[in-house]
Structure formats: C-alpha cells, structure tokens
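Each chain, letter by letter, is given below.
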Amino acid sequence: MTDIDQTCAENGRPPVGSLTAPQAQRMPEQVGGTGAAPPALSLPAALTVAFATVLCVLAVLGHVCLVFLHVAPSNAVSQRYQRQTDAWIYPYFEQNWQLFAPNPESVRRQISARTASTAPDGSRRVGEWLDLTAIDDAAVLHSPFPSHTAQNMLRRALSAYLDTQGTGRTPVSERARLLQEYVANIAAQRLAAGAHSAFDAVQLRVVSTPITPPASTVPAAPTPSGDPSDSRYLPWWQVKSHDH
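A brief report on the enclosed structure follows.

1. Comments concerning the packing of aromatic side chains
- In total, this model carries 2 aromatic pairs according to the counting rule given.
- Here the guanidinium or amino end of R124 rests over the ring plane of W236, the centre of that ring lying 5.1 Å away.
- The side chain of R205 reaches across the aromatic face of W129, ending 4.5 Å from its centre.

2. A look at the nonpolar core
- Of all hydrophobic cores here, the largest spans 26 residues; its most connected members are L158, Y161, F199, V202 and L204.
- When residues of this core are traced back to their parent elements, those giving at least two are β1 (107–118), α6 (148–165), α7 (174–194), β4 (199–210) and β6 (237–242).
- Sort the elements by how many residues they give to this core and α7 lands first, with 9 residues.

3. Describing a nonpolar patch on the surface
- Where nonpolar side chains cluster on the molecular surface, the patch consists of V54, V57, L58 and L61 and spans about 370 Å² of accessible area.
- On the basis of relative accessibility, which here comes to 45%, the residue V57 falls in the partly exposed class.

4. Regarding unusual backbone geometry
- Of note in this structure, H142 is not a glycine but carries a positive phi near 65°.
- Residue position: H142 is located in the loop between α5 (132–140) and α6.

5. Some thoughts on the packing of α5 against α6
- In the contact formed by α5 and α6, the axes pass within 8 Å of each other and the chain directions differ by 160°. Of the possible angle classes, the one that applies to α5 and α6 is roughly antiparallel. Viewed along their axes, α5 and α6 form a crossing whose handedness is left-handed. Along the contact surface, α5 presents L132, D136, A139 and V140, while α6 presents A150, Q151 and L154.
- Across the contact of α5 with α6, the residue classes break down as 5 nonpolar, 1 polar and 1 charged.

Conventions and cut-offs
- Here, residues in each chain are numbered from 1, in the same order as that chain's written sequence.
- In keeping with the model being predicted, local features are shown solely for residues with a pLDDT of at least 70 and side-chain atom pairs are shown and tallied solely at 80 or more, while totals for entire chains, interfaces and linings include all residues.
- Side-chain descriptors were evaluated using all non-hydrogen atoms of the structure, hydrogens and water having been removed beforehand.
- Side-chain rings of Phe, Tyr and Trp (the six-membered ring for Trp) are treated as a pair once their centres are within 6.5 Å; stacked means planes under 30 degrees apart, edge-to-face means over 60, and tilted covers the remaining angles.
- Charges are assigned to positions over rings by a cutoff of 6 Å between ring centre and Lys NZ or Arg CZ, combined with an angular limit of 35 degrees from the ring normal.
- The term nonpolar core refers to a set of buried residues drawn from Ala, Val, Leu, Ile, Met, Phe, Trp, Tyr and Cys, joined through side-chain atoms within 4.5 Å.
- With a 1.4 Å probe rolled over the protein chains alone, any residue whose accessible area is under 20% of its type maximum counts as buried; one over 50% counts as exposed, and the rest are partly exposed.
- Helix and strand assignments follow DSSP, with helices taken as H or I runs no shorter than four residues and strands as E runs no shorter than two, numbered in order from the N terminus.
- What makes a patch is a set of residues exposed beyond 30% relative accessible area and free of salt bridges, joined within 9 Å when like-charged and within 5 Å when nonpolar (Val, Leu, Ile, Met, Phe, Trp, Tyr).
- Accessible surface is estimated by sampling points in the Shrake-Rupley manner with a 1.4 Å probe; for residues, cover comes only from the protein chains shown.
- Think of a salt bridge as a Lys or Arg side-chain nitrogen and an Asp or Glu carboxyl oxygen that are within 4 Å of each other.
- Throughout, an axis means a line fitted to C-alpha atoms (over the contacting stretch in the case of helices), and angles, computed between N-to-C directions, take values from 0 to 180 degrees.
- Each angle is binned into one of four classes, with values under 35 degrees roughly parallel, values over 145 roughly antiparallel, values of 65 to 115 roughly perpendicular, and all other values oblique.
- Handedness of a helix crossing follows the sense of rotation of the near helix relative to the far helix, less than a right angle counterclockwise being left-handed and clockwise being right-handed.
- Note on contacts: a residue pair is in contact if any heavy atoms of the two residues lie within 4.5 Å.
- The classification used treats Ala, Val, Leu, Ile, Met, Phe, Trp, Tyr, Cys and Pro as nonpolar, Asp, Glu, Lys and Arg as charged, and all other residues, Gly among them, as polar.

Purely geometric numbers; function is a separate question.
This is the structure we're talking about:
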C-alpha cells in the first residue's frame, strides 16, 4: 500500500486505486428477447377461438359418451338411445374387444359383383361379374404402405352384414339395413370406376372357403359337390344411378 492509499484509509476515504469512472447507466433487460409483448387478439378473433374451442370440447365429449353407450353393457339409457348411438357409431367408429381377444377369420371370402340396368322399354341388362377381392388384393400387393381401405373396407363391411343377417335375405334390424346400404354403396363405387354404362342395381356373390388352422392336418369337410367352397348370391340391391 502506498503512502497516498494509507493516508486515504486513515481519513476514511476509499483508496485511489478503487476509484473508477462512473459506469454508464444500464438499459433495462428486454423481456422475452424482443422487448415487445405479443399482440392481443381482437374481440371478434377471441370470440371465434373461444367458440371453436367450446365446440371441439363438446364434440369430443359427445363422441366419448356415444362410444361408451355403445360398448357398455345393455342398460336403460343405451336401449333408449340405441338408434342415435348406432347412427353415429356405424360404420366408421365401430368398437369391439377383438384387440384384446382376437377372433381370426375362419373363412376366406372371394367377393364378386355385377351390375344391372333397366332400359326404357322395361328390359333388363345384366353385366359380367367383377372380382372385387382381386382388385383389392392387387392394390396392396408389393405395396410398402398398403391401403387400410383396400384391405379391410369391403371385407369387414360384408362380414358385419352377414353376421346380422344369418341365413336371411332381408334386413332384420335397423343396423342390418344400414350395413346393407353401406355394402351396396361400396360395391357401386367399385363397379362405377370400371363401368362404361349406367346401372341402377348391384348384386354380390360371395365364395367362402374354410381356412384350415395351421396346427390342424384334417382338411375342411367338403360340400356335397366335393368342393369345400360355398357360394352365396345376395339379392339385387337398388342403388343410385351410376354413369361412368
């Protein structure tokens, strides 16, 4: 310590070496890196966002409630609103427990369809059979990202319809009627893609072949004709006129 510093210390002043020039006044730190608060939404925009949010929440809650009524055991509420529940669930939001207890297909179904049109003079013209299953198979063969629609739409729709029908030929319930329209519309759309003339009715032919379990060496029991396959012709269904 120099003599000057010692003298300053005795007089109660800070040492000369500790004196520094006044520091420049610091600017307040910017908040958020930009210093500007995010712009507030206008009243119409805020009301629109709030309305859309409430609408989405209500839609989700309604969907969850309807799915719950669909999968829950039969009760007074589910029976009372069964028609509304089925109209919402089928065919896009169908729920079942097969994810936890798989029930593999026991038969392989080959689905074909044909069209019919009525001429002005009343005559009826019937088209050739078109193998819809082969078309779906070709759409997913060797595809790295096979279409879920091509794999399952027609097959599952027909299986659900046949399950509701049993051996009958006419719908026995509201669900069966909805499934019949669903299957008919799928077939009409597939047929319209390759049709060259208008048609107003479709018919499906289902050839079912039993699938032998892998561990079983006993072949499927043959039909009286000796062929294990079974062919079933569904009735003609009227559809909206399609003209490709």
